[in-house]
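The residues making up each chain are set out below.
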Amino acid sequence: MVKLVEALDNVLARVATGESLENSVARYPSLAVELTGLIRAREQLSVLSSAPALPADALAARRRQFLYTARAYKRQTTSVNLLRRLGAWTWPERRASQPAFVPVLARAVIAFVLVLSLVGGTVAAAQSSLPDSPLYSIKLSVEDVRSKFARDPSQQVTLAMTFASKRTREMEQLAIAHRPISNVVSLRLQSQLDAALSAAAQAPEPEMLRLLEQVRLMAQTQERALSQAQVNAPREPGTQDALRQAEQAIAQAQQQAESGLTDPDAFRNRYRHQQGAPVQPTPEATATPRPPTPTTLAQPTATTGATVTPRPSHTPQVTVTPQRIQAGTGQPPTSAPGPQATGTPQQTGPGPQPTAGQGAPEPQATDTPEGYPGGKPGGGSGSGGGIGGNNGGGTRRP
Amino acid sequence: MNQDETLLHRARAFDEQALGQIYNAYFERLYRYAYRFVGDVDSAQDIVAETLRRLLEALRDGRAPNHLGAWLYRVAHNLAMDQHRQRPAEGIVSLEPDLDQADEADTEADSEQRLAQERVRAALAQLTPEQQNVVVLKFLEGYSNAEVGALMNKPEGAIKSLQHRALAALKRALAGLLMLL
């Protein structure tokens with residue numbers, strides 16, 4: 001048998017160099033028939049010898065995709081390594097030489113440090129997790145906490161856009177890894193873009209413009225990344241749809257930022273009341289609910305009807321400053337002389353009902369969002385829901 | 001440390017240059033290898049792309065192979081076999097000459113060639129995975145016994161034995177298929 005194996009190898013080598021089959025097998029007369037049959041079988045393989053050459057552009061495209069995938073996987077390595085380290089960690093066995101008694105305080109300190117390390121390690125590991133990871137909810141919670149502690153609009157915008165970038169990267173990574181893109185990611189992305197725009201609207205004007213420019217640039221970068229991801233991602237309808245929707249949301253945010261740069265007042269009106277945070281009063285806002293004095297009373301009466309001025313139901317500045325208004329009544333809480341106090345009948349004017357739908361022209365109207373039904377402009381989307389703030393903003397837009 | 005080991009060492013850290021070199025070194029070889037089994041350019045490319053993606057996955061998860069070439073060929077081989085198993089009927093259908101679309105003489109020659117290819121592929125599929133590997137790497141890719149041994153992580157003597165058993169099995173399989181025709 002060994003002889004046959006060696007003989008075959010020898011004959012194969014000779015035939016490969018151009019020697020005839022007959023001459024090659026003639027060296028092994030006792031094995032000639034068997035060797036010939038094997039060499040004939042080998043010759044039949046020649047029909048498979050050619051494989052069509054690949055076009056250079058196809059090769060280059062595949063190479064780009066491979067390296068793109070590699071970059072996405074590289075970003076995941078940190079979390080995997082950390083988790084592995086955590087998983088491999090075991091309590092060290094106590095050595096025989098170690099004293100049996102360890103003071104209680106020392107044990108407590110060790111336990112405390114270990115708990116802290118584990119929590120810290122888990123939180124650190126969670127930062128690179130993806131939505132299908134159990135650590136992802138920790139990552140989102142950490143982001144929520146960080147957002148809550150961001151007090152000034154500049155910080156809020158930077159954080160919201162940073163988190164939105166993270167959502168974009170997560171989508172890219174999931175798409176490339178052929179994993180489904182969870183709805184959670186899209187909703188968070190939407191919510192964070194809305195939060196960034198709302199936060200920008202809270203800043204005074206020069207700062208607001210700077211922040212809007214920041215939102216615009218970051219959204220532009222994210223949009224480009226998502227376009228690229230769509231090219232590189234597998235052609236699965238779910239994945240492509242999710243990437244496309246995210247790209248649209250980012251494009252819309254970019255458009256909103258641009259509109260804010262063009263018309264800051266309109267932008268501010270659209271967004272300033274959506275965040276739920278107290279609004280810094282503007283001169284107009286403070287004037288709106290002020291109980292009319294005899295001097296101020298005369299002016300609105302002459303123009304639009306005095307009874308409208310102190311009724312705050314369609315002026316959101318008033319609704320967020322309850323110290324000025326008695327809850328439920330919409331009336332000033334003081335006994336300061338208003339239209340009623342002065343004895344002026346409320347219905348003196350031609351139907352001055354204080355509802356937004358009937359909004360008669362009044363001085364305050366320039367600073368209130370009456371122009372937008374429901375107080376939300378829709379952001380050009382036509383959805384009627386507008387760009388949301390933090391209060392459920394993620395679910396408002398389709 | 002040979003070149004593959006050096007590349008693998010750098011690839012573990014996701015060194016993009018090393019990964020690019022691995023791609024350059026293996027994509028076309030693996031493509032030709034997969035094509036022998038599946039006989040379709042797109043499928044063969046997909047198999048290689050999936051093989052390389054699995055390599056990245058292994059590197060990410062800390063499961064990097066010890067022998068890069070052997071690992072890549074094994075994964076590509078498994079994927080090609082899966083693919084081949086999934087489309088036996090398709091292969092037979094594709095042998096039907098399409099008289100409406102091509103010159104008759106060319107079509108006849110083409111279909112004969114394709115018939116022969118499918119017959120050899122079918123015979124190849126009856127071999128054990130190791131035998132298939134030896135046949136393709138040595139007789140179609142042109143590697144020496146030593147190179148096949150390195151790729152399969154086996155000594156040269158074992159490759160010679162495998163080669164003998166593979167050709168004997170191929171001879172039997174081809175004879176069996178001829179009897180069926």
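Everything numeric in this text was worked out from a predicted model, so none of it was measured. (Residues numbered from 1 in each chain as written. Chains lettered and ligands numbered in written order. Predicted model: local features only at pLDDT ≥ 70, side-chain atom pairs only at ≥ 80, totals over all residues.)

Student: Give a detailed account of the interface of chain B and chain A, specifying residues and quantitative values.
Tutor: Contacts between the two partners involve 37 residues from chain B and, on the opposite side, 29 residues from chain A. Among the secondary structure elements, those contributing two or more residues to the side of chain B that touches chain A are helix H2 (16-38), helix H3 (41-60), helix H6 (104-125), helix H7 (129-140) and helix H9 (156-180) of chain B. Considering each element in turn, the side of chain B that touches chain A owes the most residues, 10 residues, to H2(B). Split into classes, the residues belonging to the side of chain B that touches chain A amount to 19 nonpolar, eight polar and 10 charged. (Contact = placed C-beta atoms within 7 Å. Helix = DSSP H or I, 4+ residues; strand = E, 2+ residues; numbered from the N terminus. Nonpolar A, V, L, I, M, F, W, Y, C, P; charged D, E, K, R; others polar.)

Student: Report on the packing of helix H7 (residues 153-176) of chain A against helix H9 (residues 205-232) of chain A, specifying residues and quantitative values.
Tutor: All names here are of chain A. For the pair H7 and H9, interaxial distance at closest approach is 10 Å and the crossing angle is 0 degrees. Viewed along their axes, H7 and H9 adopt a mutual orientation that is roughly parallel. Here H7 contributes Pro153, Ser154, Val157, Met161, Ala164, Ser165, Thr168, Met171, Glu172, Ala175 and Ile176 to the contact with H9, which in turn contributes Glu207, Leu211, Gln214, Val215, Met218, Gln222, Ala225, Leu226, Ala229 and Asn232. For the contact of H7 with H9, the residue count by class is 13 nonpolar, six polar and two charged. (Axes fitted to C-alpha atoms, helices over the stretch in contact; angles between N-to-C directions. Parallel < 35°, antiparallel > 145°, perpendicular 65-115°, else oblique.)

Student: Please set out H9(A) residue by residue, giving values where relevant.
Tutor: Residue and element names in this part refer to chain A. Taking 1.5 Å of rise per residue, 28 residues should cover 40 Å, and H9 covers 41 Å from first to last C-alpha, within 8% of that figure. Turning to H9, its buried residues number three or more, namely Met208, Leu211, Leu212, Val215, Met218, Ala219, Gln222, Leu226 and Ala229. For H9, the secondary structure elements touched by its buried residues are H7, helix H8 (183-202), helix H10 (237-262) and helix H11 (264-271). (Expected span 1.5 Å × (residues − 1). Buried ≥ 20, exposed ≤ 12 C-beta atoms within 10 Å, placed from the backbone.)

Student: Describe in detail unusual backbone geometry, supporting the description with residues and values.
Tutor: Backbone geometry follows two general trends: most residues other than glycine have a negative phi, and most peptide bonds adopt the trans configuration. All names here are of chain B. For Phe14, which is not a glycine, the phi torsion comes out positive at approximately 55 degrees. Relative to the helices and strands, Phe14 resides in the loop between helix H1 (3-11) and H2. Overall, the presence of 18 C-beta atoms within 10 Å leaves Phe14 in the partly exposed class. With a phi close to 60 degrees, Asn153 is a non-glycine residue in the positive phi region. Within the secondary structure layout, Asn153 lies in the loop between helix H8 (145-152) and H9. When the 14 C-beta atoms within 10 Å are taken as the criterion, Asn153 is described as partly exposed.

Student: Go over the packing of H7(A) against H8(A) with me, naming the residues and quoting the values.
Tutor: All names here are of chain A. Where H7 contacts H8, the two axes come as close as 8 Å, and the packing angle between them is 160 degrees. In terms of their interaxial angle, H7 and H8 are classed as roughly antiparallel. For the element pair H7 and H8, the recorded crossing hand is left-handed. Counted together, Pro153, Gln156, Val157, Ala160, Met161, Phe163, Ala164, Arg167, Thr168, Glu170 and Met171 of H7 and Val185, Arg188, Leu189, Gln192, Leu193, Ala195, Ala196, Ala199, Ala200 and Gln202 of H8 form the full contact between these two elements. Here the residues of the contact of H7 with H8 sort into 14 nonpolar, four polar and three charged. (Left-handed = near helix turned anticlockwise from the far one by under 90°.)

Student: A description of the environment of A:Glu22 should follow, citing residues and the corresponding values.
Tutor: With respect to the helices and strands, the residue A:Glu22 is situated in helix H2 (residues 21-25). With 11 residues separating them along the chain, A:Glu22 and A:Val11 place their C-alpha atoms 9.8 Å apart.

Student: Any chance you could break down the confidence of the model for chain A for me, citing the residues and the numbers?
Tutor: On average, residues of chain A carry a pLDDT of 67, and 60% of them reach 70 or more. Here residues 275-398 of chain A is modelled with pLDDT under 50, and outside its nearest four sequence neighbours on either side it reaches 169 contacts, counting other chains as well. (pLDDT = per-residue confidence, 0-100.)

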